[in-house]
Amino acid sequence: RVFSEAPFEAIFLSDKGVCIGQNLASAKMFGYSTEESLGRSGAEWIAPESRDLVRHNMLSGYEEPYVAVALRKDGTTFPCEIQGKMLDYHGRSIRITALRDITERKMAEDYLRESEQRYKALYSMMRLMCDNVPDLIWAKDLDRRFLFVNRAVCEKLLIAGDTTEPLGK
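Overview of the structure. Quantities reported herein were computed from a predicted structural model and do not represent experimental measurements.

1. Things to note about the pattern of salt bridges
So, step 1. In total, this model carries 15 salt bridges according to the counting rule given.
So, step 2. The salt bridge involving Asp-15 is made with Lys-16; its shortest N-O contact spans 3.8 Å.
So, step 3. Classification of Lys-16 by relative accessible area gives exposed; the value is 73%.
So, step 4. Note that Lys-73 is salt-bridged to Glu-36, the shortest N-O span being 2.6 Å. Remark: Glu-36 occurs in helix H3 (residues 34–37) and Lys-73 occurs in the loop between strand E3 (66–71) and strand E4 (77–89); sequence separation between them is 37 residues.
So, step 5. Among the ionic contacts, a cluster of salt bridges with common partners joins Glu-9, Glu-81, Arg-100, Arg-105, Lys-106 and Glu-109.

Listed below in structure tokens is the structure:
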């Protein structure tokens, strides 16, 4: 019992897709008491857009982690990572499923993606400005290798075919 209550992930036991047990983290994460959970289809904890995927993975015995959208009792949703495994339990085959809330991970991924887009936009603007001035503009690292050159450097100093050719040299 202590072992099943210790994880931060929601853990469910199911038989043919129907809940036969859950840990305390499941009750906290989803808002359903153990009594409310028993006998419910596992798909009821999943948002409609992810139900077919989850139902298929539960019934087929799929064991690799995958991402879906979970549904709380109050109707709110959150991104989750699900991983399940079929086990023999007193002569019958049951599924144990761990579900973790990945909201923070998704937020970090979104922030990183937005940051990369901003960086690319700023780099493109800087590249455009630098390539359209007649002045020689370059940057080198501490080992004196080129990190950046504009078109004027390539045309007037290095006789390089394009601005990527001198990089690293």
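2. Structural notes on the packing of aromatic side chains
So, step 1. Enumeration over the complete set of coordinates arrives at 8 aromatic pairs.
So, step 2. Taken together, a centroid distance of 5.6 Å and an interplanar angle of 50 degrees make the contact between Phe-30 and Phe-78 tilted. Of this pair, Phe-30 sits in helix H2 (residues 24–30) while Phe-78 sits in strand E4; the two residues are 48 residues apart in sequence, bridging distant segments of the chain. We note that Phe-30, like Phe-78, is buried.
So, step 3. Taking the centre distance of 6.2 Å and the plane angle of 25 degrees together, the rings of Tyr-119 and Tyr-123 count as stacked. Taken together, the positions of Tyr-119 and Tyr-123, both in helix H5 (residues 103–131) and 4 residues apart, correspond to about one turn of that helix.
So, step 4. When its relative accessible area of 33% is taken as the criterion, Tyr-123 is described as partly exposed.
So, step 5. Within the aromatic cluster, the residues linked to one another by ring pairs are Phe-12, Phe-30, Tyr-32, Trp-45 and Phe-78.
So, step 6. When the ring centre of Phe-146 is taken as reference, the NZ or CZ atom of Lys-140 above it lies at 4.5 Å.

3. Structural notes on empty space enclosed by the protein
The probe, sized like a water molecule, is rolled over the atoms to show the empty space still left.
So, step 1. Across all of its chains, the model carries 1 cavity of 30 Å³ or more by this definition.
So, step 2. Estimated volume of the largest cavity: approximately 160 Å³.
So, step 3. Of all the secondary-structure elements, those providing two or more residues to the lining of the largest cavity are strand E1 (10–15), strand E2 (18–22), helix H4 (48–60) and strand E5 (92–101).
So, step 4. A class-by-class count of the residues in the lining of the largest cavity yields 11 nonpolar, 4 polar and 1 charged.

4. Some words on the pairing of E3
So, step 1. Note: E3 against E4, 6 bridges, orientation antiparallel. Within E4, the position partnered with Val-69 by the bridge is Pro-79.
So, step 2. In textbook terms, the turn of a hairpin is the stretch between consecutive antiparallel strands, and for E3 and E4 this stretch comprises 5 residues, one of which, Gly-75, has a positive phi near 95 degrees.

5. What about the nonpolar core?
So, step 1. Grouped together as the largest cluster of nonpolar side chains are 17 residues, with contacts concentrated most on Phe-30, Val-54, Phe-78, Cys-80, Ile-82 and Leu-99.
So, step 2. Those elements giving two or more residues to this core turn out to be E1, H2, H4, E3 and E4.
So, step 3. For Cys-80, the residues in contact, after removing those within four places along its chain, are Tyr-66, Val-67, Ala-68, Val-69, Ala-70, Leu-99, Arg-100 and Ile-102.
So, step 4. Val-149, Val-153, Cys-154 and Ala-160 belong to the second largest nonpolar core, which has 5 residues in total.

What counts and what doesn't
- For every chain, the first residue of its written sequence is number 1, and the numbers climb from 1 along that sequence.
- Per-residue local features are limited, in this predicted model, to residues with pLDDT of at least 70; the limit for side-chain atom pairs, both in listing and counting, is 80 or more; totals at the level of whole chains, interfaces and linings are taken over all residues.
- The side-chain numbers reported here are obtained from all heavy atoms of the structure, hydrogens and water having been left aside.
- Should a side-chain nitrogen of Lys or Arg be within 4 Å of a carboxyl oxygen of Asp or Glu, the pair is scored as a salt bridge.
- Each residue gets one of three labels from its accessible area relative to the maximum for its type: buried under 20%, exposed over 50%, partly exposed in between, using a 1.4 Å probe on protein chains only.
- Labels follow the DSSP assignment, with helices taken as runs of H or I lasting at least four residues and strands as runs of E lasting at least two, numbered in each case from the N terminus.
- Between 30 and 60 degrees the pair is tilted, below 30 it is stacked and above 60 it is edge-to-face, where a pair is any two Phe, Tyr or Trp rings, Trp via its six-membered ring, whose centres lie within 6.5 Å.
- Look at NZ for Lys and CZ for Arg. If either is within 6 Å of the ring centre and within 35 degrees of the ring normal, a charge sits over the ring.
- In this analysis, the protein atoms alone were mapped onto a 1 Å grid. Cavities are point sets where a 1.4 Å probe fits without being able to get out; pockets are open sets with protein on both sides within 12 Å along at least five of seven lines; lining residues have an atom within 4 Å of a point.
- Grid points are joined across faces, edges and corners, and a volume is the space filled by probe spheres set on the points.
- All residues other than Ala, Val, Leu, Ile, Met, Phe, Trp, Tyr, Cys, Pro, Asp, Glu, Lys and Arg, Gly among them, are scored as polar; the first ten of these are nonpolar and the last four charged.
- Strands were regarded as paired on the criterion that DSSP finds at least two bridges between them.
- Here, the term nonpolar core denotes a set of buried Ala, Val, Leu, Ile, Met, Phe, Trp, Tyr and Cys residues that are joined through side-chain atoms within 4.5 Å.
- Two residues form a contact once any of their heavy atoms are found within 4.5 Å.

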